Amino acid sequence: MALSASDLPTMYSLLANSLSGDESVRKPAESALSQSESRPGFCSCLMEIITAKDLVSQVDVRLMASVYFKNSINRYWRNRRDYSGITNEEKIHLRQKLLSHLREENYQIAQMLAVLISKIARIDYPKEWPDLISVLAQQLQSADILTSHRIFMILFRILKELSTKRLTSDQKNYAEISSHFFDYSWHLWQSDVQTILHGFSALSQSLSSGPSEKHHDDLYLTCERWLLCLKIIRQLIISGFPSDSKSLQEIRPVKEVSPVLLSAIQSFLPYYLSFQEQHTKFSNFVKRACVKLMKVLVAIQGRHPYSFGDKCVLVPVMDFCLIKITDPEPDVISFEHFLIQCMVMVKSILECKDYKPSLTGRVMNDNGITLEQMKKSVSNSVVGILSTLLPSERIVRLCNILIRRYFVLTTRDLEEWYHNPESFHHEQDMVQWTEKLRPCAEALYIVLFENHSQLLGPIVVSILQEAMNGCPTSVTEITPGLLLKDAAYSAAGYVYYELSNYLSFNNWFNNALSRELINDHPNMRILHRKVALILGQWVSEIKDDTKRAVYFALVRLLREKDLAVRLAACRSLCSLIEDANFSEKYFSDLLPICWDSCFNLVEEVQEFDSKVQVLNLISVLLAHVKEVVPFADKLVHFFQTVWEESSGESLLQIQLLIALRNFVTALGYQSPICYSMLLPILQKGIDINNPDELNLLEDSMLLWEATLSHAPSMVPQLLGYFPCLLEIMERSFDHLQVAVSIIEGYIILGGTEFLNMHTSSVAKLLDIIVGNVNDRGLISTLPVIELLIQCFPLEVPPLISSTLQKLVAICLSGDEGDPSKTTVKASSAAILARILVMNTNYLAQLTSEPSLALVLHKTGLPTEENILLCLVDVWLEKVDGVTSIQRKTFGLALSIILTLRLPQVLDKLDQILSVCTSVILGETEDLTEGESSGDNMSSSGPQTDDSLPTKEIRRRQIKYSDPINQLSLENSVRENLQTCAALHGESFNAAIARMHPAAFSQLKQALKMV
């Protein structure tokens, strides 16, 4: 039933109650509103409440109504099959009502109304709401400041929403809006600039008796409208035109707008400081305006680099930014956010790929000029402009200023470091380079150095030398010289990949860096931290004769008092240990100190990121050093303690699980010494009812896999965990690859005990997987089924009959030339062939069961033919696309087929004997080549390697002892041929006579009958 005006009081009460802090009041109201959402008239009621004049003061209720309105648009505005949605009549009413209520005084409500209109516009414009833009534009002609501000707020939301639509027709509509609306917006924006600057001039000249408060409010509203208009202009230029880097078409507004934006910045900047004392509101606006203007210029350059590269745009913008960076006026020095945007602009221009020579292919246009040539012409022009703007002297000066002014730690930095060294350390790593001045200067310096490494390499080395000479290693005070040395070290660390051509790391380390560490004064933490970071950055340049000293230095820094220094050393140690040239022989005697330092550091740090960093070092150590067993007891205690303390912190526990996996791998066959700690953790991680299961399951399963791979024998606790795998797979196949490896581990390690205990779980698990996963999943799973049957040929097939029936269906279905399906079909056929060889009676029983006929019928396969003979066709077809052991299995299965009392066998006799002959003659050669997995098998026995996991060694032993290897195909064919002859008599002789003489000759050779 539709809602009407009479329902407004009820709707108002429900909305008011939905805001109640009393759950007994709020819940029924929310439920009633939820039930009303789909009723016709619901949105109309909400609209009346939002716009009612007598409810102006009830902002919270009106806001809640607008939220429900927005949700209804998302859910019900489009017509759906299961629900007709909001009627067309109501939609027309709502659109008209929204456009009649533009002068909303409350800013929050006005924002929500803008969002509502934009959401509807995304769906209805232009087909159902063609006059939307024109009506808003018409309203602007006669609007006061407040109304025009609200209209621009709406327009900005609409343009932003429409810009995300990607269909060609939608983009064409957007381009039309841009072409029609840009000029009006641009002229209004320019007019507002003049109004604002005139108002600012009056404000700056007025003393205590200034303009009225009403005039201030109108001026501020004009400022806000101007900002909205700027956002619209940005949106129109960025989204209303295709990027000129692809079209190579000049975007006229770029050249028209950019110089004026720059001029506006220059006009606004002087008011930043002058307004700070008396006109804070306008000072904040100037700050926002200047930053936003620079951001718009950066966005335009990124979207339309070629148009921006014109001399009338690039030169003044680049020159302005460079001057502000190198020679800022007093009103800019303290304006960090603006300086950051200037640096972002310079960096964006210097690293712009469109301003560099193109290496792309040749694409011709209609005039016969290639796009490559056009791009090259534009890029050459920009390169010429940049070379004029950035002569060598200016590049060197910019580099010097970045290092000497912006790299230097400030008093505020040092205070933050002193009060919270952990936070200081992580902020340097985690802060976005566009958010703070020093990281931004560092990012600009790196790009500048990359572009001019030959020029700046010697300059950076000279600054480094100057800083080292000006600050001896014996200094104890935080002097400008010490801070400059820290800055110079930073500069050398960031560009190690290029600077190594100009600076010998060995000399630098031996003559300077190592000596910095001798001075233990607390103030030297500044240089100690920087040395620690440099040793991690320059890892590729550390030669063998210096490695020992570097390792020693970092382990020593790991024991310092300052946490920022220790965490920096921790990170650099990770880099050195993970390096391909890590030398354990130089590090082994430092291990005891390193382990203890890590354990102590985890206890001392408080922040999550710090704990993760130390855990990462422990994990890296476990993965790369061999001497782990002597420290096993300490590590067990450490992991136990940290796991208990990390309860509820799943991200930290993930790092612990990774480290534990490396620990188990490092312990190898001695891993049971950690089971008292490990197994309870593992049990919690694989429990799908654990609250943290979603976060911990993947890494817990990897730990489970590693535990089984390195276990010397099965223990009762591990054996009891197997049903958890069934629960995991019943829910999803996200971790199928690991699950298959875990099943294999249980088969290899648990043997008969495992099968006896978990028969039903194994059968159910395989039945869940086969038939419900894709071909890739089957390719992973089928080898495990084959392994299971190999180990238990008599016991397993009856237990997994449902799975085997599905494999029969796979074999009898077509593979349609799909490589994955072909592999699945061949592997399935090999499993069934193995059963015929090792449990002949069971396969005969399986193929004659009525339930198999039902399975085949459900999959649309014929059930009239003899299934066993159909399998023969598959074995004959797939014999050349399988491994050598599977080929022999096919051969043995086909030889058994010769003993069947079926006349159709004689029809296939030629093919069967041909395949068997080929397998016999090629058997010796194939076995010496090994399997496709890379496992080699010697004729004298399985190879063993102490470095291999226990599971891998046992897997090779099982493979070597495969009964298929012990059977003689030659004898089997010879004996079964005799049986076949006895069964079929003259028909057999006739079939043999039909064989090709060459094939018959090869058969006699294979059977040694010559």
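Given the structure is predicted, the values throughout are model-derived calculations rather than measurements.

Q: What exactly am I supposed to notice about the overall build of the protein here?
A: Within the protein, the secondary structure is distributed over 55 helices and 0 strands. Here the protein has a C-alpha radius of gyration of 39 Å; the compact-globule value for 1010 residues is 30 Å, and the former is much larger. Taken along the three principal axes of its C-alpha coordinates, the protein extends 125 × 85 × 75 Å. By the burial criterion, 53% of the 1010 residues in the protein qualify as buried. When the accessible surface of the protein is totalled, it reaches about 45000 Å², and 50% of it is carbon and sulfur. With 92 positive and 114 negative side-chain charges, the protein shows a spacing of 5 Å between the two charge centroids.

Q: Can you help me understand the packing of helix H41 (residues 775-791) against helix H44 (residues 819-838) in this one?
A: To characterise two packed helices, one gives the angle between the axes of the helices and the distance between these axes. Close contact between H41 and H44 brings their axes to 9 Å; oriented N to C, the two are set at 10°. If you check the angle between H41 and H44, you find them roughly parallel. Relative to H44, the crossing made by H41 is left-handed. Together, Asp775, Leu778, Ile779, Leu782, Ile785, Glu786, Ile789 and Gln790 of H41 and Ser820, Lys821, Thr823, Val824, Ser827, Ser828, Ala830, Ile831, Arg834, Ile835 and Met838 of H44 make up the contact between the two elements. Of the residues that constitute the contact of H41 with H44, the class distribution is 10 nonpolar, 5 polar and 4 charged.

Q: Looking at this structure, I do not really get the confidence of the model for the protein. What am I missing?
A: Caution applies to low-pLDDT regions: their predicted coordinates should not be interpreted in detail. Averaged over every residue, the pLDDT of the protein is 89; residues scoring 70 or more account for 94%. pLDDT under 50 marks residues 926-944. Its contacts with residues more than four places away, or in other chains, come to 30 contacts.

Q: Sorry if this is basic, but what is going on with the state of the cysteines here?
A: Disulfides are covalent bonds that connect the sulfur atoms of two cysteines. For the structure on display, the rule yields 0 disulfides. In this model Cys471 remains outside any disulfide bridge; the closest cysteine sulfur is found in Cys399, 20 Å from its own. Free of any disulfide, Cys870 has its nearest cysteine sulfur in Cys811, 11 Å distant. For Cys870, a relative accessible area of 16% puts it in the buried group.

Q: Please clarify how the pattern of salt bridges should be interpreted in this entry.
A: Should the charged atoms of two oppositely charged side chains come close, the side chains can pair. The tally for this structure, following the rule as stated, stands at 45 salt bridges. Residue Glu104 is joined to Arg62 by a salt bridge in which the shortest nitrogen-to-oxygen separation is 2.6 Å. Of this pair, Glu104 sits in the loop between helix H5 (88-100) and helix H6 (107-124) while Arg62 sits in helix H4 (residues 59-76), and the two are 42 residues apart along the sequence. Overall, the relative accessible area of 5% leaves Glu104 in the buried class. The residue Glu693 makes a salt bridge to Arg731 at a minimum N-O spacing of 2.2 Å. With a gap of 38 residues between them, Glu693 in helix H36 (residues 693-710) and Arg731 in helix H38 (residues 722-731) connect regions that are remote in the sequence. Judged by relative accessible area, Glu693 falls into the buried class, the value being 7%. Residues participating in the shared-partner salt-bridge network are Arg103, Glu105 and Asp144.

Q: Whenever I open this one, helix H47 (residues 867-878) confuses me. Can you help?
A: Since the α-helix turns once every 3.6 residues, residues separated by three or four places project in the same direction. If you check H47, its first and last C-alpha atoms are 17 Å apart, about what 12 residues at 1.5 Å a residue would give, namely 16 Å. With 10 of 12 residues buried, H47 is to be regarded as a mostly interior element. Every buried residue belonging to H47 is among Ile867, Leu868, Leu869, Cys870, Leu871, Val872, Val874, Trp875, Leu876 and Lys878, and all of these are buried. Capping the start of H47 is the job of one residue whose side-chain oxygen sits 2.9 Å from the backbone nitrogen of Leu868: Asn866.

Q: Help me understand the packing of helix H33 (residues 632-645) against helix H35 (residues 675-685) in this model?
A: At their nearest, the axes of H33 and H35 sit 9 Å apart, and the two run at 35° to each other. At the point where H33 passes H35, the crossing takes the left-handed sense. Packed against H33, whose contacting residues are Val636, Phe639, Gln640 and Trp643, the element H35 presents Ser676, Met677, Ile681 and Lys684 at the interface. Across the contact of H33 with H35, the residue classes break down as 5 nonpolar, 2 polar and 1 charged.

Q: What's the story with the environment of Gly457 in this structure? I'm lost.
A: Looking at the element boundaries, Gly457 is found in helix H24 (residues 453-470). Take Gly457: its relative accessible area is 0%, and that puts it in the buried class. Through-space distance from the C-alpha of Gly457 to that of Asn501 is 8.1 Å; in sequence the pair is 44 residues apart. Once residues lying within four places of it in the same chain are set aside, the contact partners of Gly457 are Phe449, Leu499 and Tyr502.

Each value, and the rule that gives it
- Residues numbered from 1 in each chain as written.
- Predicted model: local features only at pLDDT ≥ 70, side-chain atom pairs only at ≥ 80, totals over all residues.
- Heavy atoms only, no water.
- Helix = DSSP H or I, 4+ residues; strand = E, 2+ residues; numbered from the N terminus.
- Rg over C-alpha atoms; globule rule 2.2 N^0.38 Å.
- Buried < 20%, exposed > 50% of the residue type's maximum accessible area, 1.4 Å probe, protein only.
- Areas by Shrake-Rupley, 256 points an atom, 1.4 Å probe, with all protein chains shown as cover.
- Lys, Arg positive; Asp, Glu negative; His and termini not counted.
- Charge placed at Lys NZ, Arg CZ, Asp CG, Glu CD.
- Axes fitted to C-alpha atoms, helices over the stretch in contact; angles between N-to-C directions.
- Parallel < 35°, antiparallel > 145°, perpendicular 65-115°, else oblique.
- Left-handed = near helix turned anticlockwise from the far one by under 90°.
- Contact = heavy atoms within 4.5 Å.
- Nonpolar A, V, L, I, M, F, W, Y, C, P; charged D, E, K, R; others polar.
- pLDDT = per-residue confidence, 0-100.
- Disulfide = S-S within 2.5 Å.
- Salt bridge = Lys/Arg side-chain N within 4 Å of Asp/Glu carboxyl O.
- Expected span 1.5 Å × (residues − 1).
- Polar contact = N/O pair within 3.5 Å; in protein donor to acceptor, adjacent residues only side chain to side chain.

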